Structures are given as C-alpha cells and as structure tokens.
Amino acid sequence: MSSFRVKGGLKLKGEITPQGAKNEALQILCAVLLTSGKVTIHKVPNIRDVNKLIELLADMGVKVNKIGHESYTFQADQINLQYLDTDDFLTKASSLRGSVMILGPLLARFGTGRLSKPGGDKIGRRRMDTHFTGFQKLGAEFHYDKKKEIYHIDGKNLKGAYMLLDEASVTGTANIVMAAVMAEGKTTIYNAACEPYLQQLCDMLNRMGAKITGIGSNLLNIEGVKSLKGTEHTLLPDMIEIGSFIGLAAMTQSEITIKDAQIHRLGVIPDTFRRMGIKLEFRGDDIFIPAQKHYEIETFIDGSILTVADAIWPGFTPDLLSIVLVTATQAKGTVLVHQKMFESRLFFVDKLIDMGAQIILCDPHRATVIGLDRKYSLRGIRMTSPDIRAGVSLLIAALSAEGTSVIDNIEQIDRGYQYIDQRLNALGADIVRVD
C-alpha cells in the first residue's frame, strides 16, 4: 500500500489543466461496444478506474490502440461473448463499479449480458434497481444466482417502452439509453438524469446514428435503429478536478489558473464556491483564482447559516461536497454541509477534527463546519484515505496544514486523479509518494 508524505504550509502558483472527466469516460468507453466501427476518444484520463475498464474491454475482444498521450481508438468488431462466462471476467468486472454500464451495450447489440455484483467506493448503498428495472421495461429477463452473486440477462428481443425512472441515476440513465438505441420502436425515459456527461454520451450516440431527442432535459425520446457506426469524441474536463483545484487554491492561499475549464458546462459549481467567499475570475475559458488570505462564507438573506447540499443536476454535485467541507475549515463563518445522496461520505471528518478543524458531525448526512479564519492552522497527522473524493479533500487539508502529514491508501486517490502528486508538485507543492 502506497502513501503520500505531504509538507504543508506551502503556497502554490501556476497553471493546471484538468484531466478528462472520469465519470464521462466510463460511460463513453462502454459505448464502444455498440458498434463494429472504429471509435476514437480523446482526453482519456490515465487513472486506475479508467485503465481497468480499458483492460476489461480488451479482454472481451475490443481492439485498443493508444494513438496519443490521451487518445485511443477502439474497435469492437470481434467480441468474445464466451469470455463473459469466465471467472476472470467476473473478478475484473466486480472490482469496478463502472463495469455495470457494459450491460446496456451488450444487450442492445448481442442480446445477452452477465455481471457479478459491482464494486467501487464504500460511500453508502448504491443500488442497481434503476438499471435493471429499465432493462426489464425494454423486455430483458433477469436471472440472479444468489450464491455466486451473478446476474444473467437475456435481452434478445428488446422493444421500446415508456418508463418513469425511480431515481435520476446518471449511470442508470446511461445504461438504459445505450440499451434502448437499438431496441425496436420508441423508448421514452422520464426523470432521466441530464448531467453534462450524459449529454455528451447522447450527442456521441447521435453521431453514431442513434435518434435521441430531449438531450439536456429529464425527458428523453429514443427511436431505435438497426445499427450504429464509428465516431470521434472528446471528453469534457473533469468538473470534480476543477472544483478540487478551486478549494485547494483557497485553502493554501495560492494563485492558480485552471486552463480550458469549459466554464459553461460547470453549472452552479463556480457560484457555490463564490458563496464560500472564494474569488474567481473567468478569463476566456480559464478560471483564475487569486491568492486570498481570508475568505468569508455568505449567509442566507435573512442572516441564517448557509447550507450547501447536493442535488441531481443542475444542482450541486455530491462529489464536491467534501471539497466544500474542507475548504470551509479555514473560512470565516459557518456552513452546514448536507450530503443527501450517500450516508457514508462524511465519515472522513474525524481526520479533519484530529487536524484541528471545528466540525460537528450531526448525523451521517450532515456536518456543521465552523471556520477558523486562519487564526489556527490545521496540523499535520497520519491518516488513511477512505474513498476517492475524501482522499483528495484530506490531501488539500494536508497541503494547508502546519507540519508534515502522511496519507495512506492513496490507491483510492489514484482511481480518480491522474498523477496528482506530480501535477501539484509542478505548482510548488511538496508531495512524496512512498511505497
């Protein structure tokens, strides 16, 4: 198990370019299974979860060719369906939660699918019902082996249907859309997720020959087609990285420019950090964050304590609540952070408390942060990263703290952020990877 040894208290300065979006990459990579044509994808992030999925696709028979630093071609013209019956497939698929999105393309194109219970971050219950209920509406039949925890799915005769999703699940919507694009007839999906990453997937599928309307709304209409062709696609910059860099700049009093942020696709993210008192300047498509000694959290109009809560798009993404929380520890003022979607994502705050932060964990979903306004610095400690987003939040805390911190289990951070130590060291950080 590897660790980061982090020297805190250093001010950073310079430019940083966000990686391609991890959450979009997992959807887009699964979509290559929908066609025998060549699909070229740019801005593919070099992170563990994405690399694992690419390896899984290659094991299934997809021809993978790296044509540039962040560019690949994929061609799924000789898929080995027998590989789905192997223990190797089940083991690799179960270690990666994003692997569930291969089911939609497999059902659409080959009429069959098999998957073990997916893994991923331990951040609370993340059920698969939305995916499976959607497939059943399209006519798929499920058989679950409880002893082996394996799903067998028969989807040889998918037909379009109307469905009202029980939740606006991003991966669930993506999976159902990919299954429906080649189902016979018309599919209507109401209460669909409409995140920019899902919009990107739908736009890509339309370029491949799909017929999807309502993109960007929660009502999608899909006319099934017989087949899809190859295409070329560029991933959006990762909005979670962008938010993380904003929080990092504020906590470390650093002057940082985030390059090529595609600001118009960030929704309420910039405004949410502005409500935390952080100054942002838009310079074309770049975000400039000046060094700030103090930043003050706004209150509501009536003077009551600000609440920052996650919500389905276009609300604030749950992946950035941990960044808001850690950033608030050195702000002036108080904020209530309300994590509605997952019940275990705030369980890293004990480590921040050990560092000297003033935080009250009200319950598994809510934490009140009382900002120190830099009157007292956080102190370096040894801690363990529980999941991807909490891990980066702890890294930000360590970079702002007095003394040296050690963060264990950084494999979690590597799953979501490529070369994060090298990229931040280029700005002046002092992060050493210790094996």
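Small disclaimer: the values here were computed from a predicted structure and weren't measured.

(A) Geometry of the sheet that holds strand E7 (residues 141-145). Spatially, three strands are ordered E6-E8-E7 in an open sheet, and the strand pairing comes out antiparallel. The two strands at the open ends of the sheet, each matched to only one other strand, are strand E6 (112-116) and E7. Geometrically, the sheet is characterised by an average inter-axis angle of 15° between neighbouring strands, direction not taken into account. By the bridge criterion, five bridges tie E7 to strand E8 (residues 150-154) in an arrangement that is antiparallel. Opposite His143, over in E8, you have His152 as the bridge partner.

(B) Just the packing of aromatic side chains, in detail. All told, the structure shown has five aromatic pairs when counted by the stated rule. With a centroid separation of 6.4 Å and 10° between ring planes, the pair formed by Phe135 and Phe142 is classed as stacked. An aromatic cluster is defined as three or more aromatic residues linked by ring pairs; in this entry it consists of Phe132, Phe135 and Phe142. The ring of Phe282 is capped by Arg274, whose NZ or CZ atom sits 4.7 Å from the centre of that ring. For the cation-ring pair, Arg283 lies above Phe288, with the distance from its terminal atom to the ring centre recorded as 3.9 Å.

(C) Structural view of a nonpolar patch on the surface. A cluster of nonpolar side chains, Tyr162, Leu164, Tyr190 and Leu219, forms an exposed patch at the surface whose accessible area comes to about 400 Å². Among the secondary structure elements, Tyr162 is positioned in strand E9 (residues 162-164).

(D) A look at the nonpolar core. One finds Ile258, Leu325, Leu352 and Leu424 to be the most contacted residues of the largest nonpolar core, which totals 77 residues. Each residue touching Leu424, except ones within four places of it in the same chain, is listed here: Ile16, Phe245, Leu248, Leu395, Leu399, Ala429 and Ile431. Listed in part, the 75 residues of the second largest apolar core include Val39, Val50, Leu53 and Ala180.

(E) Representation of the environment of Lys148. Position of Lys148 among the secondary structure elements: in the loop between E7 and E8. Among the residues examined, Lys148 registers a relative accessible area of 56% and is labelled exposed. Between the C-alpha atoms of Lys148 and Thr384, which are 236 residues apart in sequence, the distance is 31 Å.

(F) Here's a closer look at helix H12 (residues 388-400). For H12, spanning 13 residues, the distance from its first C-alpha to its last is 19 Å, which sits close to the expected 18 Å at 1.5 Å a residue. Buried residues dominate H12, accounting for 13 of its 13 residues. With a side-chain oxygen lying 3.0 Å from the backbone nitrogen of Arg389, the N-terminal cap of H12 falls on Asp387.

(G) View of the pairing of strand E5 (residues 72-75). Relative to E5, strand E3 (residues 38-42) is paired through four bridges, and the arrangement is antiparallel. In the sheet register, Thr40 faces E5, and the bridge partner there is Thr73. Inspection of the sheet shows strand E4 (residues 63-66) paired to E5 by four bridges, in the antiparallel sense. Each residue of the ladder has a partner; that of Lys66, found in E5, is Tyr72. Connecting E4 to the next strand, E5, in antiparallel fashion are five residues.

So, how was this worked out
Residues numbered from 1 in each chain as written. Predicted model: local features only at pLDDT ≥ 70, side-chain atom pairs only at ≥ 80, totals over all residues. Heavy atoms only, no water. Pairing = 2+ DSSP bridges. Helix = DSSP H or I, 4+ residues; strand = E, 2+ residues; numbered from the N terminus. Axes fitted to C-alpha atoms, helices over the stretch in contact; angles between N-to-C directions. Phe/Tyr/Trp six-rings, centres within 6.5 Å; stacked < 30°, edge-to-face > 60°. Lys NZ or Arg CZ within 6 Å of the ring centre and 35° of its normal. Patch = residues over 30% accessible without salt bridge, like charges linked within 9 Å, V, L, I, M, F, W, Y side chains within 5 Å. Areas by Shrake-Rupley, 256 points an atom, 1.4 Å probe, with all protein chains shown as cover. Salt bridge = Lys/Arg side-chain N within 4 Å of Asp/Glu carboxyl O. Core = buried A, V, L, I, M, F, W, Y, C linked by side-chain atoms within 4.5 Å. Buried < 20%, exposed > 50% of the residue type's maximum accessible area, 1.4 Å probe, protein only. Contact = heavy atoms within 4.5 Å. Expected span 1.5 Å × (residues − 1). Polar contact = N/O pair within 3.5 Å; in protein donor to acceptor, adjacent residues only side chain to side chain.

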